[in-house]
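Descriptive analysis of the structure
Here is what each chain is made of, one letter per residue.
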2 protein chains.
Amino acid sequence: MLYSEDMPREAMQREAGLGKGRPARIGFLLSQLGAHATELFAAQTKELGITPSEAGVIRIIGRSPGISQRELADILGSVQSRVVALIDRLEGAGLVTRTRSSADRRVQELRLTESGAATLKLLRRAAEAQEAAIVEGLTPQQADELFELLSALGSLRGLDSEIHLGYRDSAR
Amino acid sequence: MLYSEDMPREAMQREAGLGKGRPARIGFLLSQLGAHATELFAAQTKELGITPSEAGVIRIIGRSPGISQRELADILGSVQSRVVALIDRLEGAGLVTRTRSSADRRVQELRLTESGAATLKLLRRAAEAQEAAIVEGLTPQQADELFELLSALGSLRGLDSEIHLGYRDSAR
DNA sequence: TATTGTTATACTCTATAACTATA
DNA sequence: TATAGTTATAGAGTATAACAATA
């Protein structure tokens, strides 16, 4: 639940001093729709037997075969011990392999198995299906417009266009 | 992390079969921006010494003084034991009171203390400030447009315009 | 000494189930 | 019997700190 789930529209409008016909609810809508999109995607990864976090790891490894656990932790904005647990799980599920680097034997090189690569394909297909479901009901022009506005907002906020760090506990 | 944090734009575009100049990234952007909005709000509630969940509870009680814990649980889509913990915390912080109902002595009637009502005001002010921060950089026309498009999406998805259920574990 | 990875541990959030008091 | 609330407990997720192997 978030910050305006129960606030009457009139009250927000009045208190925000907007009164121009648009209530102060963009933040709320973003938060609500974002959570919804996140849940939809989570439901899809669940069918593949993985969590959204694990899906993110699979994509990163798919893009950078041989990446080390340390590098992965940096990209995720997480700690090494968390990565150990994530990879333990994915290795156990037969989706990822660990190989000691011959150049530096401290390093574990991460790669997708054949099954992991197949899962990555399914993840991409799921993302496409979700995109279609989200814009369903909007005209193509509206969808383009929405995309432009959200992109602009993202750039303004300084968010990386490729990386989504997710919902951190530290923020709560 | 979510479903396209590392997927190259070209790949998504190609695989989604869009190819009309717009990559299939609205779902990702919504999720990313939603998480960002959520984090910003969480940082603000933290300064008030409460979590976003507790902020939601304060708003609901402020809107419905005398509400029971059972009713609150229903609104939150949560269970009674969770509400017990939430109210324990807010009561301990002096923001909420429990009073046994004289009509049905099983029921605890929840109300904001003076301090709780003050916190609610601060929460509303924080929401206004965040709204301003979010649309900062957009023209008023763009902000209006964005609001309309997000509202349309919300109606389409059948989301309640007043209630945001948040990020459930069940979805992960 | 510094770094990669691992293990042990603890804390937060939230759910389930058993229980108490009241209806 | 049914319901409101409470307590006990457990699981998931993630963080910190100590440690081992390697550089």
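Remember, predicted model here, so these are calculated numbers, not experimental data.

It is worth spelling out the protein's contact with DNA strand D at this point. As a matter of local geometry, DNA strand D sits amid 19 residues, with A:Ser81, A:Arg82, B:Gln69, B:Arg70 and B:Arg106 nearest to it. Near the protein, within 4 Å, the atoms of DNA strand D are sugar or phosphate in 67% of cases. Between B:Arg98 and DNA strand D, the recorded distance is 3.1 Å, taken from a side-chain N or O atom to a phosphate oxygen. Elements supplying a minimum of two residues to the surface near DNA strand D: helix 5 (80–92) of chain A together with helix 4 (69–76) and helix 5 (80–92) of chain B. When residues in the surface near DNA strand D are grouped by element, the largest group, three residues, is from helix 5 of chain B. The residue inventory of the surface near DNA strand D, partitioned by class, reads three nonpolar, eight polar and eight charged.

Moving on: the protein's contact with DNA strand C. Around DNA strand C sit 18 residues, and of these A:Gln69, A:Arg70, A:Gln108, B:Ser81 and B:Arg82 come closest. In DNA strand C, atoms within 4 Å of the protein come 67% from sugar and phosphate. In this structure, B:Arg105 approaches DNA strand C through a main-chain N or O atom, which is 2.9 Å from a phosphate oxygen. Examining the composition of the surface near DNA strand C, we find that three residues originate from one element, helix 5 of chain A, more than from any other. In terms of residue class, the surface near DNA strand C is built from three nonpolar, seven polar and eight charged.

Further remarks concern the sheet that holds strand 3 (residues 108–112) of chain B. All names here are of chain B. Sheet architecture is open: three strands sit in the order 1-3-2, paired in antiparallel fashion. The open sheet is flanked by strand 1 (67–68) and strand 2 (96–100), the only strands paired with a single partner. Alignment of strand 2 against strand 3, held across five bridges, turns out to be antiparallel. Bridge pairing links Thr97 to Arg111 in strand 3. Set on the sheet, helix 3 (residues 52–63) makes contact with strand 1, strand 2 and strand 3; between it and strand 3 the angle comes to about 100 degrees. Along the sheet, helix 5 contacts strand 2 and strand 3; its crossing angle with strand 2, the most-contacted strand, is approximately 115 degrees.

Moving on, we get to the pattern of salt bridges. Residue and element names in this part refer to chain B. The tally for this structure, following the rule as stated, stands at 12 salt bridges over all chains. Of the charged contacts in the structure, one is a salt bridge between Arg89 and Glu54, with a shortest N-O distance of 3.5 Å. With Arg89 in helix 5 and Glu54 in helix 3, this pair connects stretches of sequence that are 35 residues apart. Accessibility expressed as a relative area gives 5% for Glu54, which makes it buried. Residues Arg106 and Asp104 are paired through a salt bridge, measuring 2.9 Å at the closest nitrogen-oxygen approach. Residue Asp104 is classed as partly exposed on the basis of its relative accessible area of 26%.

Below, the discussion takes up the sheet that holds strand 1 (residues 67–68) of chain A. All names here are of chain A. Ordered in space as 1-3-2, the three strands form an open sheet in which the pairing is antiparallel. At either end of the open sheet lies a strand with only one pairing partner, and these are strand 1 and strand 2 (96–100). The strands touched by helix 3 (residues 52–63) are strand 1, strand 2 and strand 3 (108–112); relative to strand 3, the strand with the most contacts, the crossing angle is about 100 degrees.

On to helix 4 of chain B. All names here are of chain B. Every buried residue of helix 4 is listed here: Gln69, Leu72, Ala73 and Leu76. One side of helix 4 holds all its buried residues, which, seen down the axis, span an arc of 100 degrees. Buried residues along helix 4 sit against helix 3, strand 1, helix 5, strand 2 and strand 3. One or two residues past the end of helix 4 sits Gly77, with phi positive at roughly 70 degrees.

All names here are of chain B. Between helix 2 (residues 26–47) and helix 6 (residues 114–135), the least distance of the axes is 10 Å, while the angle of their chain directions is 145 degrees. For the element pair helix 2 and helix 6, the recorded crossing hand is right-handed. Contacts from Ala37, Leu40, Phe41, Gln44 and Thr45 in helix 2 reach Leu123, Ala126, Ala129, Gln130 and Ile134 in helix 6. Residue composition of the contact of helix 2 with helix 6, grouped by class: seven nonpolar, three polar and no charged.

What follows deals with helix 5 of chain A. Residue and element names in this part refer to chain A. Over its 13 residues, helix 5 runs 18 Å from end to end, which matches the ideal 18 Å to within 8%, given 1.5 Å per residue. Those residues of helix 5 not exposed but buried are Val83, Leu86, Ile87 and Leu90. End-on view of helix 5: buried residues confined to an arc of 95 degrees, all on one side of the axis. Away from the buried face of helix 5 by more than 90 degrees, exposed residues Ser81 and Gly92 are located. Buried positions along helix 5 lie against helix 3, helix 4 (69–76), strand 2 and strand 3. Of the residues trailing helix 5, Gly94 is marked for its positive phi of about 75 degrees.

The rules behind these values
Residues numbered from 1 in each chain as written. Chains lettered and ligands numbered in written order. Predicted model: local features only at pLDDT ≥ 70, side-chain atom pairs only at ≥ 80, totals over all residues. Heavy atoms only, no water. Near = heavy atom within 4 Å. Polar contact = N/O pair within 3.5 Å; in protein donor to acceptor, adjacent residues only side chain to side chain. Helix = DSSP H or I, 4+ residues; strand = E, 2+ residues; numbered from the N terminus. Nonpolar A, V, L, I, M, F, W, Y, C, P; charged D, E, K, R; others polar. Pairing = 2+ DSSP bridges. Contact = heavy atoms within 4.5 Å. Axes fitted to C-alpha atoms, helices over the stretch in contact; angles between N-to-C directions. Salt bridge = Lys/Arg side-chain N within 4 Å of Asp/Glu carboxyl O. Buried < 20%, exposed > 50% of the residue type's maximum accessible area, 1.4 Å probe, protein only. Arc of directions from axis to C-beta. Left-handed = near helix turned anticlockwise from the far one by under 90°. Expected span 1.5 Å × (residues − 1).

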